[in-house]
Amino acid sequence: MPSQVNFEELYIQLQRKVSAESHKRLDPLVSGSQAMLLRILDMNGPQKASSIAERMNITPGAVTSLADKLIACGYATRNRDNTDRRVVQLDITDQGKEILQQYKAVVRNTIEQFFAGVSDEDKQHLIRIYRQVLKNIEQQREEHQDCNS
């Protein structure tokens, strides 16, 4: 049991420090959720709020709130669909693409600093472990959704 307690304590410490350091470095650019929204627009082109909400696992109202902030900064726009004027789509601007590139560079640099001194072999083990943990989380989410349907 002592090793389990140590694992839990280390996990919590790591999670808190990574979160705090990431926020300190990245929040001056855009929030993590805003960056995710910009990434979706950059990769997939203009999207309806409902499509983005589904991809991000948040409500369309939350997407609207994120979009309002991005639009105010000039990182995104709202445009009416040419074929159906009732449909409003969000799109990333050139300024949004620039801030997204800056965000990605800071993320890459931060990760390199966090994992400095970790061997390539250990990084491969972490990749395998992270994938398994993400798979476990997704399975639990699906099981929880099945119970609520």
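Up top you'll find the structure we're talking about.
Please read these numbers as outputs of a predicted model, since none were measured by experiment.

### Here's the deal with the packing of helix H2 (residues 32-44) against helix H4 (residues 60-73)
Where H2 contacts H4, the axes come no closer than 10 Å and their chain directions differ by 85°. The orientation of H2 with respect to H4, classified from their angle, is roughly perpendicular. The segment H2 lies against H4, with Ser33, Gln34, Leu37 and Leu38 engaging Val63, Leu66, Ala67, Lys69 and Leu70. Taken together, the residues of the contact of H2 with H4 sort by class into 6 nonpolar, 2 polar and 1 charged.

### Considering the pattern of salt bridges
In this structure the tally under the stated criterion is 4 salt bridges. Taking the shortest distance from any N to any O, the salt bridge between Arg25 and Glu21 comes out at 2.8 Å. Taken together, the residues Arg25 and Glu21, both in helix H1 (residues 2-26) and 4 residues apart, mark about one turn of the helix. In this structure, Glu138 engages Arg141 in a salt bridge whose closest nitrogen and oxygen atoms are separated by 3.1 Å. Note that Glu138 and Arg141 are positioned in helix H6 (residues 120-148) at a spacing of 3 residues, about one turn of the helix. A relative accessible area of 34% means that Glu138 is categorised as partly exposed.

Rules of the game
Residues numbered from 1 in each chain as written. Predicted model: local features only at pLDDT ≥ 70, side-chain atom pairs only at ≥ 80, totals over all residues. Heavy atoms only, no water. Axes fitted to C-alpha atoms, helices over the stretch in contact; angles between N-to-C directions. Helix = DSSP H or I, 4+ residues; strand = E, 2+ residues; numbered from the N terminus. Parallel < 35°, antiparallel > 145°, perpendicular 65-115°, else oblique. Contact = heavy atoms within 4.5 Å. Nonpolar A, V, L, I, M, F, W, Y, C, P; charged D, E, K, R; others polar. Salt bridge = Lys/Arg side-chain N within 4 Å of Asp/Glu carboxyl O. Buried < 20%, exposed > 50% of the residue type's maximum accessible area, 1.4 Å probe, protein only.

What is shown is where atoms sit, not what they do.
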